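Observations on the model geometry
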Amino acid sequence: MSRPLLSRPLLSTDSLVKRFGGLAATDGLSLSVAEGELHALIGPNGAGKTTLIGQLSGELTPDSGTILFDGRDVTRLPVHKRARRGLARSFQITSIFPSFTALDNVALAVQAHAGHSFRFWRDAGRDRRLADPARAVLERVGLGARADTRADALAHGEKRQLELAMALATGPRLLLLDEPMAGMGPEDSARMVELLQELKGGVTILLVEHDMDAVFALADRITVLVRGKDLASGTPAQIRNDPAVREAYLGDEMEVA
Amino acid sequence: MPPTAPRTALLTRPRIALLILLAVALALPTVAAWMGEPFYVRLATRILVFALAAVSLDLILGFGGMVSFGHAAFVGIGGYVVGILFAHQSDGSTLFGLPGTVNGLVVWPLAMLAGALAALPVGAISLRTSGVPFIMITLAFAQMLFYLMTGLKAYGGDDGIALWSRSTLPAPLNIADHTTFYYVVLGLLVAALVLGWRLVNSRFGRVIRGAKDNERRMAALGYPVTRYKLAAFVIAGALAGLAGALLANATMFVGPQYLHWSRSGDLIVMVVLGGIGTLIGPVLGAAALLLLEEFVPELMDLAHAGLGEHWKIVLGPVLILLVLYARKGLWGVVAGRRP
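Going by the annotation in an unreviewed UniProt entry, the name recorded for chain B is Branched-chain amino acid ABC transporter permease, with Azospirillum isscasi given as the source organism.

For chain A, an unreviewed UniProt entry supplies the name ABC transporter ATP-binding protein and the organism Azospirillum isscasi.

Here's what the structure looks like:
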């Protein structure tokens, strides 16, 4: 299933292995995400998607293999350093700052990439260099009207939007989105798909998602992960028609999709 | 969230409460003199000193979520800087080839430096953990220092060092005078509160508070979280060191008991009692704890001789009630719920 890449890969893994006890959650995986594409990662529960995201973001260290980001080896780089290089992620389980307002959540993300934060005197709450870009990102994800609401008072769908807004506000080169539609109703999901559609092309995205409608609507390429291995990679049409994929995984959903 | 008073109204309830507190603090020596109770000035000074230590703890405990159970160690170290330099001055001996001194402009900054330098390795090691292990490691470090000072016979060991004069400050500040010393301590406490206020609302403060809310997310956003938490820990250590220098001057004594874990516990009680993560709350907490400690045993002894030593029977229920019904402690009661 190898094909020439449209452009050089922004993120790639080579023979990545991560074991938990006897179980290989990532089993010699070589994956490549091209600059500018929206690459979806699908697979049944237990396929190793979350483990892979953990290794790509830096929270887990692989047992062997390498991860290249923007041509450089980041395999052993800590989480915050990868983030500084432009690798942003959203979390499957909403991970926000509950006691901050929505605006301050995003402002904190802006601040993370506005130089160091050993600034002890100026009131950050009145700093327009943080608030203005933060407000712009909130508007972009459709949360503009909720800027001054405490994050823990937002509705579930709004928290998911905020989650994405924070990743976006760091001005990333690559977005790792871990099930951005998890727990969302159809209306919120539709809005999220629309939003991702807008983002597509502007920023490279690796999307892990269970919602097959969303995946097939959005993805430029899809990788199917089964038991830690790359079962198939290709365009949505290729994946849809791949007999191995049908057999291993998509069978039922294909009727729907 | 730190208190962010609405910017529209000029006289909000928290601001009025602050003004009243400041007025009371400024008028206290005059009132005490008028009442013929000069002792109250010295009690109030001690309250302000502990308030400073509690405020420094609130910076890391209330805003950074770092439950340090060894904060009294940094207070004690600050006190020992004053005591040790005093001892060398009084017998004319040298320390590392340098003479001792009682000059406050030298000794107090040195106490802050010592507090910060001690906090650096303690923080660097204990911040590798969090939660209960963090509590235990900070406690262990403090107890280590406690036993170290107990065994340090050159500086009094168990008995500590008695001072027979206070530090000297440039004229006209003669802090041998209790009232002048009181105002100097008040000034330093107010300065520390202003500094703390700016700090928690600055970019740095946001990082610290963000790490308390969600450390994992902070890392994913690109923050080297531990570095910022360590910086906060060191700043708190420096302020605690200053409190220690003032404490030595207030009590004219330094001893290992200043570093004892129960003193660290007292500081936590002050923070919780006064209102965690409010900065000004710990000042109320320090006042409440020391006033209870001062007057409740007396009252209990009046009721029944010997009952006074069990005064913490009263403290316990007060703490429980406050924790249950006033989440932001005494300051929450005074300043009311924020909108």
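1. Notes on the confidence of the model for chain B
The pLDDT averaged across chain B works out to 92; a share of 97% of its residues lies at or above 70. Among the prediction metrics, the complex's ipTM stands at 0.90, with pTM recorded as 0.92.

2. Things to note about the sheet that holds strand β8 (residues 204–208) of chain A
Residues and elements named next belong to chain A. With respect to topology, 6 strands assemble into an open sheet ordered β6-β7-β8-β3-β9-β10, the strand pairing being mixed. The strands lining the two open edges of the sheet, one partner per strand, are β6 (87–90) and β10 (229–234). Neighbour to neighbour, the strand axes of the sheet diverge by 20 degrees on average, direction disregarded. Contacts from helix α1 (residues 49–57) reach β3 (38–42), β6, β7 (174–178), β8 and β9 (221–226), with the element oriented near 150 degrees to β7.

3. Here's the deal with the interface of chain B and chain A
Listed by partner, the interface residues are 23 residues for chain B and 28 residues for chain A. For the side of chain B that touches chain A, the secondary-structure elements that each account for two or more residues are α6 (178–201), α7 (203–221) and α8 (225–251) of chain B. No other element matches the 12 residues that α7(B) contributes to the side of chain B that touches chain A. When grouped by side-chain class, the residues that make up the side of chain B that touches chain A number 11 nonpolar, 6 polar and 6 charged.

4. Topic: the domain arrangement of chain A
Interfaces are often sized by the amount of accessible area the parts lose when they come together. Residues and elements named next belong to chain A. Structurally, chain A comprises domain 1 (6–86 + 173–257) and domain 2 (98–171). Taking the mean C-alpha position of each, domain 1 and domain 2 sit 26 Å from one another. At the interface, 9 residues of domain 1 touch 8 residues of domain 2. By residue number, the principal contributor to the side of domain 1 that touches domain 2 is helix α6 (residues 186–199), which donates 3 residues.

5. A word on the pairing of strand β2 (residues 23–34) of chain A
Of the pairings in the sheet, the one linking strand β1 (residues 9–20) of chain A to β2(A) comprises 9 bridges and is antiparallel in character. The partner of K18(A) across the bridge, within β2(A), is T26(A).

What counts and how
- Residues numbered from 1 in each chain as written.
- Chains lettered and ligands numbered in written order.
- Predicted model: local features only at pLDDT ≥ 70, side-chain atom pairs only at ≥ 80, totals over all residues.
- pLDDT = per-residue confidence, 0-100.
- Pairing = 2+ DSSP bridges.
- Helix = DSSP H or I, 4+ residues; strand = E, 2+ residues; numbered from the N terminus.
- Axes fitted to C-alpha atoms, helices over the stretch in contact; angles between N-to-C directions.
- Contact = placed C-beta atoms within 7 Å.
- Nonpolar A, V, L, I, M, F, W, Y, C, P; charged D, E, K, R; others polar.
- Domains from an automatic or database assignment.

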